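# Remarks on the overall topology
Chain residues, written in single-letter form:
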Amino acid sequence: GGAYQVADGVVYFSNFVDQRLYLQKGDSEPVGITPADSAFRYADSVYDNTRKRLICIREDHSAGEHEPVNTVVAVNLESPD
């Protein structure tokens, strides 16, 4: 759930193929806003207009076969990296 969010004409979404967060403005190509080749997955985003960020759940799958660690995170949209 919560795979995408629309705010101010911008679509923010989690791509199922690589599990990164992206933004897309109009007809432009999507732009990745989280690191490539990461063990993180993102879901259930909420747009915070006051602080220009996405609040979402990040699943950390870096522990291999163990259960992922879920954390509430904020992704800064003005400086995503």
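None of the values given here were measured: they were computed from a predicted structure. (Residues numbered from 1 in each chain as written. Predicted model: local features only at pLDDT ≥ 70, side-chain atom pairs only at ≥ 80, totals over all residues. Heavy atoms only, no water.)

## Side note on the sheet that holds strand 1 (residues 4–7)
Which entries qualify depends on this criterion: Pairing between two strands requires that DSSP report at least two bridges joining them. Numbering of helices and strands starts at the N terminus; helices are DSSP runs of H or I of at least 4 residues and strands are runs of E of at least 2.
A sheet is described by the order of its strands in space; here four strands give the open sequence 1-2-3-4, paired in antiparallel fashion. Where the open sheet ends on each side, the last strands, each with one partner, are strand 1 and strand 4 (31–32). Of the pairings in the sheet, the one linking strand 3 (residues 21–25) to strand 4 comprises two bridges and is antiparallel in character. In the sheet register, Tyr 22 faces strand 4, and the bridge partner there is Gly 32.

## A short note on the nonpolar core
Stated precisely, the cut-off is as follows: To form a nonpolar core, buried Ala, Val, Leu, Ile, Met, Phe, Trp, Tyr and Cys residues must be joined to one another through side-chain atoms within 4.5 Å. Buried residues are those whose accessible area, probed at 1.4 Å on protein chains only, stays under 20% of the maximum for their type, while exposed residues exceed 50% and partly exposed ones sit between those limits. Every residue pair with non-hydrogen atoms within 4.5 Å of one another is taken to be in contact.
Tyr 12, Leu 21, Ile 33 and Leu 54 are the most contacted members of the largest nonpolar core, which has 13 residues in total. Ignoring sequence-local partners within four residues, the contact set of Tyr 12 consists of Ala 3, Tyr 4, Gln 5, Ala 7, Tyr 22, Leu 23, Ile 33, Tyr 47, Leu 54 and Leu 77.

## Remarks on the pattern of salt bridges
For clarity, the threshold we go by: What counts as a salt bridge is simple: a side-chain nitrogen of Lys or Arg found within 4 Å of a carboxyl oxygen of Asp or Glu.
Taken as a whole and judged by the stated rule, the model has two salt bridges. Between Asp 48 and Arg 51 there is a salt bridge, and its shortest N-O distance comes to 3.4 Å. Given a relative accessible area of 12%, Asp 48 falls into the buried group. According to the relative accessible area criterion, Arg 51 is exposed, its value standing at 52%. Taking the shortest distance from any N to any O, the salt bridge between Asp 48 and Arg 53 comes out at 2.8 Å.

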